[in-house]
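Summary of structural features
Residues per chain are reported as follows:
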Amino acid sequence: MIDELLFLGTGAAQAVPAIYSRGLDASRPDGARADKNLRTRSAFRLGRGHQIDAGPDYYMQSARERMSWFDLEHLFITHTHSDHFNFDGVLQKDISVENNGKPVTIHMSAPALRWFLSVWCYSRTLESPSNRDLDEARESFRPWFEFNVLPFFEWRTVGEIAVCGVPGTHTGRVPDDLAMNLLMELPDGFRMLYGLDTGYYDDETFSFLASTKLDMVVLDCTFGGRTDRGEFPAGHLDCASLVHVVARLVELGTITSDTPVYASHINPDQGLDHDGLARRFASEPYNILPAYDGLRVKPRITGRP
Ligand SMILES: [Zn+2]
Ligand SMILES: [Zn+2]
């Protein structure tokens, strides 16, 4: 049973504060504090068996939350950027003397899987891999890891839950790796969208989202307080464009103005700290809240449109 959703990390690629700033130094009054303004790279857990993304902070996130990967069965990788997929860290079950003896299935898009297998092969031979090399590499991770390709716009059953990838407007390491945002339905019918990384969605994604009702939404808010990126930016959202996405989802009947929407994947240097983001969103006629590392949410079916 999945009775808890957990924001393991809510920062963008640099985390918050940035490592090259003085933000972590003890000499700075607000430095090194474990509060809502310390954001590790974005990742999200659904119960004990399912996780979305595993970036470079995966170990300390698990240690902080006292929640190992012993029971992890399904890992969803949204795209190939290293803040979302630290594959060397993930692929270590074969050397863990204590483990549950079951495989972890890693779900991603076809371009993301091809990129990963290509990098994996090349890093060992320094030669361009053939298709056969890629197939052999994929097989070599058995029995500890299996890879599953998720298509866009099609629901699939994965363990206890149903999942459907929708394309964000954000590309990973290679141009055809369009970030996979994830619709997820829990066994009791609770349905949510994990929408990062993305900018303002294309019409095709919005039309698809119009056919579903959601109880909770998580959205990219990388550029937070910045106001120089245009009204409907691709790649990443900011507070204003995130509100545009929410307004469109309300208009389409996907959510109501009361549906909880969590802003995540936040950059340093965008002008707003946690409280500033909360105040910025409080002025909008929607239920938008900045997420923070360690935030736990009970999945509840809310008043749907
Ligand atoms: Zn990212
Ligand atoms: Zn990215």
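All of the points below concern the structure found in this document. Quick caveat: nothing in here was measured; it's all calculated off a predicted structure.

The rules behind these values
- Per-chain numbering applies: the sequence of each chain, read as written, is numbered from 1 onward.
- To label them, take the chains in the order written and letter them from A, then take the ligands in the order written and number them from 1.
- Given that the model is predicted, a residue must reach a pLDDT of at least 70 before its local features are reported, and side-chain atom pairs must reach 80 or more before they are shown or counted; all residues, however, enter totals for whole chains, interfaces and linings.
- A helix here means a DSSP run of H or I that spans at least four residues, while a strand means a run of E at least two residues long, and both kinds are numbered starting from the N terminus.
- All radius of gyration figures rest on C-alpha atoms, and the globule criterion is 2.2 Å times the number of residues raised to 0.38.
- Counts of 20 or more other C-beta atoms within 10 Å of a residue's own C-beta define buried residues, counts of 12 or fewer define exposed ones, and intermediate counts define partly exposed ones; C-beta atoms are placed from the backbone.
- Pairing between strands is defined by DSSP: at least two bridges between them are needed.
- The angle between two axes is taken between their N-to-C directions and runs from 0 to 180 degrees, where each axis is a line fitted to C-alpha atoms and a helix contributes only its stretch in contact.
- Whether two residues are in contact depends on their C-beta atoms, placed from the backbone: they are in contact if these lie within 7 Å.
- When buried Ala, Val, Leu, Ile, Met, Phe, Trp, Tyr and Cys residues are joined through C-beta atoms within 7 Å, the set is termed a nonpolar core.
- Relevant arc is that of directions from the helix axis to the C-beta atoms, nothing else.

**Focus on the overall build of the protein chain**
Within the protein chain, the secondary structure is distributed over 7 helices and 14 strands. The globule rule puts the C-alpha radius of gyration for 305 residues at 19 Å, and the 19 Å found for the protein chain is close to it. Counting only C-alpha atoms and orienting by the principal axes, one finds that the protein chain spans roughly 55 × 50 × 35 Å. Counting over 305 residues, the protein chain shows a buried share of 42%.

**Points about the pairing of strand S5 (residues 104–108)**
Counting buried residues in S5 gives 4 out of 5 residues, a clear majority hidden from the surface. Across 3 bridges, strand S4 (residues 74–76) lies against S5 in parallel orientation. Paired with Phe76 across the bridge in S5 is His107. Where S5 and strand S6 (residues 145–149) come together, 5 bridges link them in parallel fashion. Counterpart to Thr105 in the pairing with S6 is Glu146.

**Some remarks on the sheet that holds strand S9 (residues 178–185)**
Sheets are built from strands paired through backbone hydrogen bonds, the pairs being either parallel or antiparallel. Taken in spatial order, the 7 strands make up an open sheet running S7-S8-S9-S10-S11-S12-S13, and their pairing is mixed. Only two strands of the sheet have a single partner each, and these edge strands are strand S7 (155–158) and strand S13 (288–290). Direction aside, neighbouring strands of the sheet carry axes that sit 25 degrees apart on average. Two elements, strand S8 (residues 161–171) and S9, share 7 bridges in a ladder whose sense is antiparallel. Across the sheet, residue Thr171 finds its bridge partner in S9, namely Leu178. Its contacts with the sheet place helix H6 (residues 239–252) against strand S11 (216–220), strand S12 (261–264) and S13, and it is angled at close to 150 degrees to S11. Lying on the sheet, helix H7 (residues 274–282) is in contact with S12 and S13; it crosses S13 at an angle near 175 degrees.

**A few points about the sheet that holds S4**
Reading across the sheet, the 7 strands line up as S6-S5-S4-S3-S2-S1-S14 and stay open at both edges, with mixed pairing between neighbours. A strand with exactly one partner marks an edge of an open sheet, and here the two such strands are S6 and strand S14 (296–297). Judged from the 4 bridges that link them, strand S1 (residues 5–9) and strand S2 (residues 43–46) form a sheet pairing that is antiparallel. Counterpart to Leu6 in the pairing with S2 is Arg45.

**Some words on the environment of Val245**
Assignment of secondary structure puts Val245 in helix H6. Using a count of 22 C-beta atoms within 10 Å as the deciding quantity, one classes Val245 as buried. A sequence separation of 13 residues divides Val245 from Phe232, and the C-alpha atoms of the two residues are 8.7 Å apart.

**Remarks on the nonpolar core**
A general tendency of soluble globular proteins is for nonpolar side chains to be buried together. In this structure, Tyr194, Val217, Leu219, Leu242 and Ala263 are the most contacted members of the largest nonpolar core, which totals 69 residues. In this structure, Leu242 is in contact with Leu219, Cys221, Leu237 and Ala263, ignoring residues within four places of it in sequence.

**Side note on H7**
The α-helix winds at 3.6 residues per turn, so residues separated by three or four positions along the chain end up facing the same way. Buried residues of H7: Leu277, Arg280 and Phe281, and no others. In a view along the axis of H7, the buried residues occupy a sector of 90 degrees, so they form one face of it. Facing away from the buried side of H7 by over 90 degrees, the exposed positions are Asp275, Arg279 and Ala282. Looking at the buried positions of H7, the neighbouring elements they touch are H6, S12 and S13.

**Examining the environment of His81**
Considering the arrangement of structural elements, one finds His81 in the loop between S4 and helix H2 (87–90). C-beta crowding within 10 Å serves as the criterion here: with 21 such atoms nearby, His81 is assigned to the buried category. Here the alpha-carbon distance between His81 and Ala179, two residues 98 residues apart in the chain, equals 9.4 Å. Not counting residues within four places of it along the chain, the set of residues in contact with His81 comprises Ala13, Gly172 and Arg173.

**Considerations on unusual backbone geometry**
Looking along the chain, the bond that leaves Arg142 and enters Pro143 is cis, with omega of 5 degrees. Residue position: Pro143 is located in the loop between helix H4 (131–140) and S6. Cis rather than trans, the peptide bond between Leu196 and Asp197 has omega equal to 0 degrees. Relative to the helices and strands, Asp197 resides in the loop between strand S10 (191–195) and helix H5 (203–209). The phi angle at Arg66 is positive, at roughly 50 degrees, despite the residue not being glycine.

Any functional reading would require information beyond the geometric quantities listed.
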